[in-house]
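The chain contents come next:
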Amino acid sequence: MRPVSSWGRLSAPPHEVVELADRDHIPAVLAAHRPGIAYGLGRSYGDECLNPEGVLWSTASLDRLIAFDSATGRLTCESGARLYDIQRVMIPRGWSLPVVPGTQQVTVGGAIANDVHGKNHHGAGTFGDHVRALRLVRTDGETIECGPDLRPDWFAATVGGMGLTGVIAEAELQLRRTPGPWLEAETLPFKGLDDFFRLSAESEAAWEHTVSWIDCTSGADVRGLFMRANPTEGGDRPRRARRKTFPFTPPVSLVNRLTLRALNEGYYALNKRHAGRRIVHYEPFLYPLDGIGEWNRLYGPRGFYQYQCVVPHGPGRQAVHDMLDAIAHAGEGSILAVLKTFGDRRPPGLLSFVAPGVTLALDFQNRSGVLALFERLDAIVRAAGGRLYPAKDARMPRGMFEATYPDLAEFLAFRDPGISSGMSRRLMGS
Ligand SMILES: Cc1cc2nc3c(=O)[nH]c(=O)nc-3n(C[C@H](O)[C@H](O)[C@H](O)COP(=O)(O)OP(=O)(O)OC[C@H]3O[C@@H](n4cnc5c(N)ncnc54)[C@H](O)[C@@H]3O)c2cc1C
């Protein structure tokens, strides 16, 4: 048994960690070590990838790229392959993953199990929209091949299914053509939610990627930086890749009530200097935090929460206004606060998080009082017809999950009885 935590570092319970190194042996390993839950790179924030006191099936060594058709852009890979490695190998060949989350330290299995979204959701949909087929291994030894056109019910349950329908052994992905690693990016400072929604509406037709950083201390009259980008030829430019690692876990969170305003002020001033257009490499634009390894240590030994919700367009503006107001009044939040509109495309998974509307994501240090703030935010989200993202969650009440994921009952029929996680016990009772 050894301690394992997820990205929020809220706890590090002991686990029996079992490596899945050979995809042909997965059925035998699952039969010998169960119940368990698949663990990719632990970039989900809460208890979704944890099984305290129980078994974790680690896919870190299941990382082979199996086949690539350079005429069609179809890539078959094992589920532990990192998005980072796929991008590094494929972009020089003129192909890219069509959807990537805000970090590329994520496995293909983790990206499917949360049906992750990126800054281009309005045009490209979710990760699951580009999965052509996958192979699922159940703990009773059954192997299920599924995809959007092959056993689509199993596919819909597994995409966004939080690892609870079986272990994804491999997947076939449809990549998309790219001119190379460069993006033409533009940063536009904005003031107020009307300005944010106007920029989003204006940008979505012409810009592939859109996202906003917001200063969570500025309240409902929010100030922020709207960022948008398109792939571009860019030429043969040199790139200075600087990667640092946060060296230690400080005894207390460095993000706290005393530092919050200054940190946001500093971030705003620093990045406002880059306002306007420029050519940038895809990595700092798409994965700004990957430049600092283990930045999650910043929050000290007690760890941190992320709160990410989506609220539908109609009531969404007022709901975001009320949430920002509540957060600023509580004096909580962090420098990592993101606002983005989603497109109208329906995601492929029964439990996919994405829905048409606007998403707000913020980090919060783990301290007394923050759970009471989450209850106030939950009430706003529910009243607006929104929901929370399980990939980021560590505390959503079960009643909220049941009320806001209407396809949950249909999903439960596909669960593997030999799979259980901290989250499944908290939100589904087993
Ligand atoms: C800095 C940062 C930025 C992020 N930005 C975004 C973003 O922009 N958009 C977004 O959608 N998400 C984002 N995320 C969340 C992240 O993309 C997801 O949590 C992702 O699922 C993590 O993948 P992982 O490989 O680390 O999986 P883990 O965290 O290890 O596991 C996540 C879930 O996937 C399941 N799983 C993993 N592998 C398999 C498998 N082989 N078979 C079956 N189930 C499996 C696990 O059981 C678990 O339920 C971000 C996370 C971080 C830390």
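Residues numbered from 1 in each chain as written. Predicted model: local features only at pLDDT ≥ 70, side-chain atom pairs only at ≥ 80, totals over all residues. Heavy atoms only, no water.

> Hey, could you go over the packing of aromatic side chains for me, with residue numbers and the actual values?
A complete count under the given rule lists 18 aromatic pairs for this structure. Ring plane angle 80° and centroid distance 5.2 Å describe the contact between Phe364 and Phe374, whose orientation is recorded as edge-to-face. One end of the pair, Phe364, is in strand S20 (residues 357-365); the other, Phe374, is in helix H10 (residues 370-383), and 10 residues separate them in sequence. Accessibility classification places Phe364 together with Phe374 in one group, the buried group. What links up through ring pairs into an aromatic cluster is the set Trp7, Tyr45, Trp295, Tyr299 and Phe304. A cation over an aromatic ring shows up here: Arg223 above the ring of Tyr268, its NZ or CZ 4.1 Å from the ring centre. The ring of Tyr405 has Arg387 lying over it, and the distance from NZ or CZ to the ring centre is 4.5 Å. (Phe/Tyr/Trp six-rings, centres within 6.5 Å; stacked < 30°, edge-to-face > 60°. Helix = DSSP H or I, 4+ residues; strand = E, 2+ residues; numbered from the N terminus. Buried < 20%, exposed > 50% of the residue type's maximum accessible area, 1.4 Å probe, protein only. Lys NZ or Arg CZ within 6 Å of the ring centre and 35° of its normal.)

> Can you lay out the state of the cysteines for me, pointing to particular residues and giving the numbers?
Counting across every chain of the model gives zero disulfides. The thiol of Cys49 is unpaired, and the distance to the nearest cysteine sulfur, on Cys77, comes to 19 Å. With a relative accessible area of 6%, Cys49 lands in the buried category. (Disulfide = S-S within 2.5 Å.)

> Lay out the site of the ligand in plain terms, naming residues and giving numbers.
Surveying the vicinity of the ligand reveals 34 residues, the closest of which are Ala38, Gly40, Ser44, Thr107 and Tyr389. A distance of 3.4 Å separates an oxygen atom of the ligand from a polar backbone atom of Glu48. Contacts to the ligand include Ile168, whose backbone N or O atom sits 2.8 Å from a nitrogen atom. Alone, the ligand offers 980 Å² of accessible surface; in the complex the protein occludes 96% of this. Going through the elements one at a time, strand S3 (36-39), helix H3 (108-113) and strand S10 (167-174) are the ones with two or more residues in the shell around the ligand. Residue classes in the shell around the ligand are distributed as 17 nonpolar, 14 polar and three charged. (Near = heavy atom within 4 Å. Polar contact = N/O pair within 3.5 Å; in protein donor to acceptor, adjacent residues only side chain to side chain. Areas by Shrake-Rupley, 256 points an atom, 1.4 Å probe, with all protein chains shown as cover. Nonpolar A, V, L, I, M, F, W, Y, C, P; charged D, E, K, R; others polar.)

> Describe the sheet that holds S3, with residues and values.
Working definition: the strands of a sheet are paired by backbone hydrogen bonds and lie parallel or antiparallel to each other. Judged by pairing direction, the sheet is mixed, and its four strands sit side by side in the order S1-S2-S4-S3 without closing on themselves. Because the sheet does not close on itself, it has two edges, and the strands there are strand S1 (2-3) and S3. As defined by bridge partners, S1 adjoins strand S2 (residues 14-19) across two bridges and the pair is classed as antiparallel. Each bridged residue has a counterpart across the sheet, and for Pro3 the counterpart in S2 is Pro14. (Pairing = 2+ DSSP bridges.)

> Outline the pattern of salt bridges, supporting the account with residue identities and numerical values.
In the structure shown here, the tally under the stated rule is 25 salt bridges. Linking Glu186 and Arg277 is a salt bridge whose minimum nitrogen-to-oxygen distance equals 3.5 Å. Of this pair, Glu186 sits in strand S12 (residues 182-191) while Arg277 sits in strand S16 (residues 276-281), and the two are 91 residues apart along the sequence. With a relative accessible area of 11%, Glu186 lands in the buried category. Residues Asp195 and Arg198 are paired through a salt bridge, measuring 2.5 Å at the closest nitrogen-oxygen approach. Of this pair, Asp195 and Arg198 are both found in helix H6 (residues 193-203), three residues apart, which corresponds to roughly one turn of the helix. Residues joined by salt bridges that share partners form a network here, namely Arg23, Arg64, Glu78, Arg135, Glu145 and Glu170. (Salt bridge = Lys/Arg side-chain N within 4 Å of Asp/Glu carboxyl O.)

> Before we move on, can you summarise the side chain of Gln365 with the specific residues and values?
Within the fold, Gln365 resides in strand S20. Residue Gln365 is classed as buried on the basis of its relative accessible area, which comes to 11%. The contact partners of Gln365, leaving out residues within four places of it in the chain, are Ser253, Val255, Asn256, Arg257, Tyr299, Gly303, Phe304 and Val370. (Contact = heavy atoms within 4.5 Å.)

> Can you break down the nonpolar core residue by residue, with the values?
Across soluble globular proteins, nonpolar side chains show a tendency to be buried alongside one another. Within the largest apolar cluster, 118 residues are counted, with the highest numbers of intra-cluster contacts made by Val108, Ile112, Phe127, Leu134, Leu173, Phe401 and Met428. If you tally residues by element for this core, the top one is helix H9 (residues 313-330), at seven residues. With sequence-adjacent residues up to four places away left out, Ile112 is seen in contact with Phe127, Val131, Leu134, Thr158, Val159, Gly160, Ile168 and Ala171. Membership of the second largest hydrophobic core comes to 11 residues, among which are Phe246, Val255, Phe304 and Leu336. (Core = buried A, V, L, I, M, F, W, Y, C linked by side-chain atoms within 4.5 Å.)

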